[in-house]
Amino acid sequence: MAEAEAPAWAEAIGTNAHSKIYVIACRGFVKAWVRSGRSAHELPPPPRTTDDAYRLWFELQPPSEAVQRLLGLTMAAREPLSSAQLDSLGLLAARDGLPGWGLLFEDREHLLQTLHLTLREFLLDASRSGLHAADWAGGHVALARSCLKVLCERSSGPTLAYALRHGHIHLTAVVATAGAEATAVLREWFEAFLEPRGPGGGVTDAGEEEPVAEGGEAAAADAVTRLQDDDCVSVAPELARR
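Small disclaimer: the values here were computed from a predicted structure and weren't measured.

How each quantity is defined
- Residues numbered from 1 in each chain as written.
- Predicted model: local features only at pLDDT ≥ 70, side-chain atom pairs only at ≥ 80, totals over all residues.
- Heavy atoms only, no water.
- Helix = DSSP H or I, 4+ residues; strand = E, 2+ residues; numbered from the N terminus.
- Buried < 20%, exposed > 50% of the residue type's maximum accessible area, 1.4 Å probe, protein only.
- Areas by Shrake-Rupley, 256 points an atom, 1.4 Å probe, with all protein chains shown as cover.
- pLDDT = per-residue confidence, 0-100.
- Contact = heavy atoms within 4.5 Å.
- Arc of directions from axis to C-beta.
- Salt bridge = Lys/Arg side-chain N within 4 Å of Asp/Glu carboxyl O.
- Axes fitted to C-alpha atoms, helices over the stretch in contact; angles between N-to-C directions.
- Parallel < 35°, antiparallel > 145°, perpendicular 65-115°, else oblique.
- Left-handed = near helix turned anticlockwise from the far one by under 90°.
- Nonpolar A, V, L, I, M, F, W, Y, C, P; charged D, E, K, R; others polar.

Draft legend 1. Main features of the overall build of the protein chain. A tally of regular secondary structure across the protein chain gives 12 helices and two strands. Traced from its N-terminal end to its C-terminal end, the protein chain shows the element sequence α-α-α-α-α-β-β-α-α-α-α-α-α-α. By the burial criterion, 40% of the 242 residues in the protein chain qualify as buried. When the accessible area of the protein chain is evaluated, it comes to approximately 12,700 Å², of which 52% is carbon and sulfur surface.

And the structure:
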């Protein structure tokens, strides 16, 4: 095996034999290192922890901008994303660029799966992953908009099923950030499903947007509650039946 040519790695793998994920990540990394044309003698020092092993993978195969978006979506998703969903988001081809594709991430039964829960924990905790942390907030924005698009287009299949189950949850996560992006996404859902309520946030006769009243965060939270309890949940199934 390749690690036999790197005694320090062989020793580390043996010492951590009790951690199956550590062993899998390390052995896979050594193989990928050699396949990339590098010598096993040039391997970096072996990782001390599973987090360190994940970090080495991301340094070996730095994510492109598209892959970074895909990582954010994957971490924000409420369930493994299907190939159909990734294709609709224009990110199906980006899977091949995921660090450790085929090991840390893989396609199982047309669903994007991760190797282990520890990988998700690593990518969601910036104190552990640093520069490699996933943009899960951006993932929620993209998924909230994707779910809205699916519902409005009256799509079918796994994309509709996901939107019906989780669209309002992604919207709630977006609104919780209380930023400009949250206001924009919330307005998009309002315009799709809800009649204007309360002062501000509408459109004047001249076609100009009215200012949103102060206390927007509380109003947004109340709006999301309505979306969950009434409007969105009731409208979406109706769209599915048409």
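Having seen it, we continue.
Draft legend 2. Inspection of the confidence of the model for the protein chain at higher detail. Taken residue by residue, the protein chain gives an average pLDDT of 84. The fraction at 70 or more is 78%. Counting interchain partners and residues more than four positions distant, the pLDDT-below-50 stretch residues 212-221 has nine contacts. Note that pLDDT drops below 50 for residues 230-242; the model gives that stretch 21 contacts with residues more than four away or on any other chain.

Draft legend 3. Representation of the environment of Ser129 in the model. By secondary structure assignment, the location of Ser129 is in helix 7 (residues 126-129). For the pair Ser129 and Asp52, spaced 77 residues apart in sequence, the C-alpha to C-alpha distance is 8.9 Å.

Draft legend 4. Spotlight on the side chain of Thr114. Relative to the helices and strands, Thr114 resides in strand 2 (residues 111-114). Classification of Thr114 as buried rests on a relative accessible area of 16%. If we skip the residues at most four places from it in the chain, Thr114 touches Thr74, Met75, Leu104, Phe105, Arg108, Leu119 and Arg120.

Draft legend 5. Local environment of helix 1 (residues 7-15). Along helix 1, the positions that sit buried rather than exposed are Trp9, Ala12 and Ile13. Projected onto a plane normal to the axis of helix 1, the buried residues spread over an arc of 100° and lie on a single side. In helix 1, those exposed residues whose orientation departs by more than 90 degrees from the buried face are Pro7, Glu11 and Thr15. On the buried face of helix 1, the contacting elements are helix 2 (20-35) and helix 3 (50-60).

Draft legend 6. Here's a closer look at the pattern of salt bridges. Inspection of every chain in the model, using the stated rule, returns 10 salt bridges. Across the pair Glu181 and Arg145 runs a salt bridge whose closest N-O atoms are separated by 2.7 Å. Highlighted residues: Glu181 in helix 10 (residues 180-193) and Arg145 in helix 8 (residues 136-153), separated in sequence by 36 residues. Note on Arg145: relative accessible area 29%, which makes it partly exposed. In this structure, Lys149 and Glu153 form a salt bridge, with 3.0 Å as the shortest nitrogen-oxygen distance. Here Glu153 and Lys149 lie together in helix 8, a separation of four residues that amounts to about one turn. What you see here is one network of salt bridges that share partners, running through Arg48, Asp52 and Arg55.

Draft legend 7. Structural detail: unusual backbone geometry. Here Glu109, not a glycine, exhibits a phi torsion of approximately 55°, which is positive. Its location among the elements puts Glu109 in the loop between strand 1 (105-108) and strand 2. One non-glycine residue with positive phi stands out, namely His110, at about 65°. Take His110: it is sitting in the loop between strand 1 and strand 2.

Draft legend 8. Geometry of the packing of helix 8 against helix 9 (residues 158-175). Across the interface, helix 8 lies against helix 9 with an axial gap of 8 Å and an inter-helix angle of 135°. One finds that helix 8 runs oblique with respect to helix 9. The way helix 8 lies across helix 9 gives a crossing that is left-handed. Residue-level contacts link His140, Val141, Leu143, Ala144, Cys147, Val150 and Leu151 of helix 8 to Thr159, Leu160, Tyr162, Ala163, Leu164, Gly167, His170, Leu171, Ala173 and Val174 of helix 9. Looking at the contact of helix 8 with helix 9 residue by residue, the classes come out as 13 nonpolar, four polar and no charged.

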